[in-house]
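# Chains, contacts and geometry: an overview
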Amino acid sequence: MIVTTATTPFDDQKPGTSGLRKKVRVFEQPNYAENFIQSVFDVVEGKQGATLVIGGDGRYLNRVVIQKAIRMAAAAGFARVVVGQGGILSTPAASNVIRQRGALGGLVLSASHNPGGPDEDFGIKYNVSNGGPAPEKVTEAIHARTLSLSEWHAADSADVDLDTLGEVTVEGMIVEVIDPVADYAALMERLFDFAAIRAAGLTVAFDAMSAVTGPYATEILERRLGFAPGTVRNGTPLEDFGGHHPDPNLVHAHELYELMMSADAPDFGAASDGDGDRNLIIGRNRFVTPSDSLAMLAANAHLAPGYKDGLKGIARSMPTSAAADRVAEKLGIPSYETPTGWKFFGNLLDAGMATICGEESAGTGSDHVREKDGLWAVLLWLNILAATGKSVDQIAREHWATYGRNYYARHDYEGVDSAAADTLMRELRGKLTTLPGTSVAGLTIAEADDFAYEDPTDGSVSRNQGVRVLFEGGSRVVFRLSGTGTSGATLRVYLERYEPAGGSVDAETGDMLADIVAAAEQLAAIRQHTGRERPDVVT
Ligand code: G6P
Ligand code: ZN
């Protein structure tokens, strides 16, 4: 039986950079998850007879919300729900299943790299039929619907056994519980030369951070590629990620970093985040920034079977360093600069305009799915190491010797008072037109603007995507407020300095960026507005 429940709207269900993210306690309010899911289903057309994919990163509340979503999907007219065993699907694996199954879309339950547990974060994101996050016009329609919703509908049925593979029926709708790893691992075997990686004799440390990539990494790295047992660390997904932030950066993956800088370092170290779409790459004694990783992967991708015919184009988000642009230029292919958020890459990938994309926020991926993909980046790096016989450090040095180096860092000020952060941004925006031609901290400003993006495939325009101050010589600072936080505001300050080939490409990043850090403070009065002496996180 389908049961209708009366509800009233919540005024805080506007999806952010990557879906609706809130504290678990917020999601636990009566009707909260149901209202949002019903709003998604009300906006999405073509549900009758269609397939919906549901999966999550296994964090606290995952199973509960999956059961709700299944009952509501049955009421919405879906013919089939495909769900990962145990409620698990990494974000890239979910994207793959949506594409492989010709599904109408999918619900990805995750708060990515944010911590999990009863007092931490949860999230729901809707992905469309290409496997990628819903574009802005869909998320805007979902938000509008949340504000007028008066009822939600669900089958009056018992919980589905999510742990047993196979099919059951809920109110006439088939629920298929699948192996979450199999299809994804098969896709990776098609893209990369597993035999060459196996033969290269590399040593690897992969930190799954007690999050969703554990089962994927164990199957692919230890079983299929034959790396030693124990290569995958923290490989069992936990509802609270063991109390850690499942965020693969130098702060939260510091154990891996320390290992990679020690005398016992293996050849290659990597980590992934809560839902498996981010990556951290560290070679023996060589950390590779996400922006550099994108550029180095793009420059060498043709060495992997899946990319042997070359790349059609390279896309990066605006705050990501311009290192990848230089590779595109050399390859004679187009480069694209999009706003922050993987959803902006979807159209470029669908149109065959770009093959590889990446972001400074530790995301890299390609047209094999429509999400960024942590293990994909790891495997492409391993394929390149195997094909060249070089170390990560060698690849990085040779890259900089060829293209020059974009020194890069991001300074995050977390949990800042929202009003203070808004004031900082408003004051910056207010003086943009006066900046060109002036100097700060000894640097001359060439241009200053608030980034706007016109999608070349559909002409849609996204404004106010971050303040850019470009200095003469190719250095810059970017200011943006995060769209993924769940409390207060996070100010992100992105610092970049370009040093041409033949210049000092082997210096300390902190030294090379010191004058840009000073310029950022002078431009935005960060200390005065945030009350902070220094950033909380430097990546
Ligand atoms: C998520 C999105 C990314 C984005 C990142 C940073 O991971 O999938 O595409 O780059 O958030 O977003 P933020 O708004 O917090 O800087
Ligand atoms: Zn993520």
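Source: prediction; values computed, not measured.

### A short note on the UniProt feature "domain: Alpha-D-phosphohexomutase alpha/beta/alpha" (unreviewed entry) in the chain
Listed under "domain: Alpha-D-phosphohexomutase alpha/beta/alpha" (unreviewed entry) in the UniProt record, and renumbered for this structure, are residues 13–147, 183–282 and 291–403. From the first C-alpha to the last, residues 183–282 spans 27 Å; its make-up is 34% helix and 15% strand. Between the end C-alpha atoms of residues 291–403 there is a gap of 13 Å, over a span that is 45% helix and 14% strand.

### Some words on the site of ligand 1
Close to ligand 1 lie 14 residues; Thr-17, Ser-361, Ser-482, Gly-483 and Thr-484 are nearest. A breakdown of the residues in the shell around ligand 1 according to their chemical character gives one nonpolar, 11 polar and two charged.

### Section: the sheet that holds strand E18 (residues 363–366)
A sheet is described by the order of its strands in space; here four strands give the open sequence E16-E15-E17-E18, paired in mixed fashion. The two strands at the open ends of the sheet, each matched to only one other strand, are strand E16 (335–338) and E18. Here the average twist between neighbouring strands, direction ignored, is 15 degrees. Helix-sheet contacts for helix H11 (residues 323–331) involve strand E15 (314–317), E16 and strand E17 (356–359), and the interaxial angle to E15 is about 165 degrees.

### What about unusual backbone geometry?
For Asn-285, which is not glycine, the phi dihedral falls at a positive 60 degrees. Within the secondary structure, Asn-285 is located in the loop between strand E13 (279–283) and strand E14 (286–288). Its identity as a non-glycine residue notwithstanding, Ala-362 has a phi of 70 degrees, on the positive side. Relative to the assigned elements, Ala-362 resides in the loop between E17 and E18. Here Ala-362 falls in the buried class, since 26 other C-beta atoms lie within 10 Å of it.

### Structural notes on the sheet that holds strand E8 (residues 166–170)
Pairing is mixed across the open sheet formed by seven strands, whose spatial order is E2-E6-E5-E3-E4-E9-E8. Each edge of the sheet is formed by a strand with only one pairing partner; in this case those strands are strand E2 (20–23) and E8. Sheet twist, expressed as the average angle between the axes of neighbouring strands with direction ignored, equals 20 degrees.

Cut-offs and rules
Residues numbered from 1 in each chain as written. Chains lettered and ligands numbered in written order. Predicted model: local features only at pLDDT ≥ 70, side-chain atom pairs only at ≥ 80, totals over all residues. UniProt positions renumbered as here; feature names shortened; annotations may be inferred. Helix = DSSP H or I, 4+ residues; strand = E, 2+ residues; numbered from the N terminus. Near = placed C-beta within 6 Å. Nonpolar A, V, L, I, M, F, W, Y, C, P; charged D, E, K, R; others polar. Pairing = 2+ DSSP bridges. Axes fitted to C-alpha atoms, helices over the stretch in contact; angles between N-to-C directions. Contact = placed C-beta atoms within 7 Å. Buried ≥ 20, exposed ≤ 12 C-beta atoms within 10 Å, placed from the backbone.

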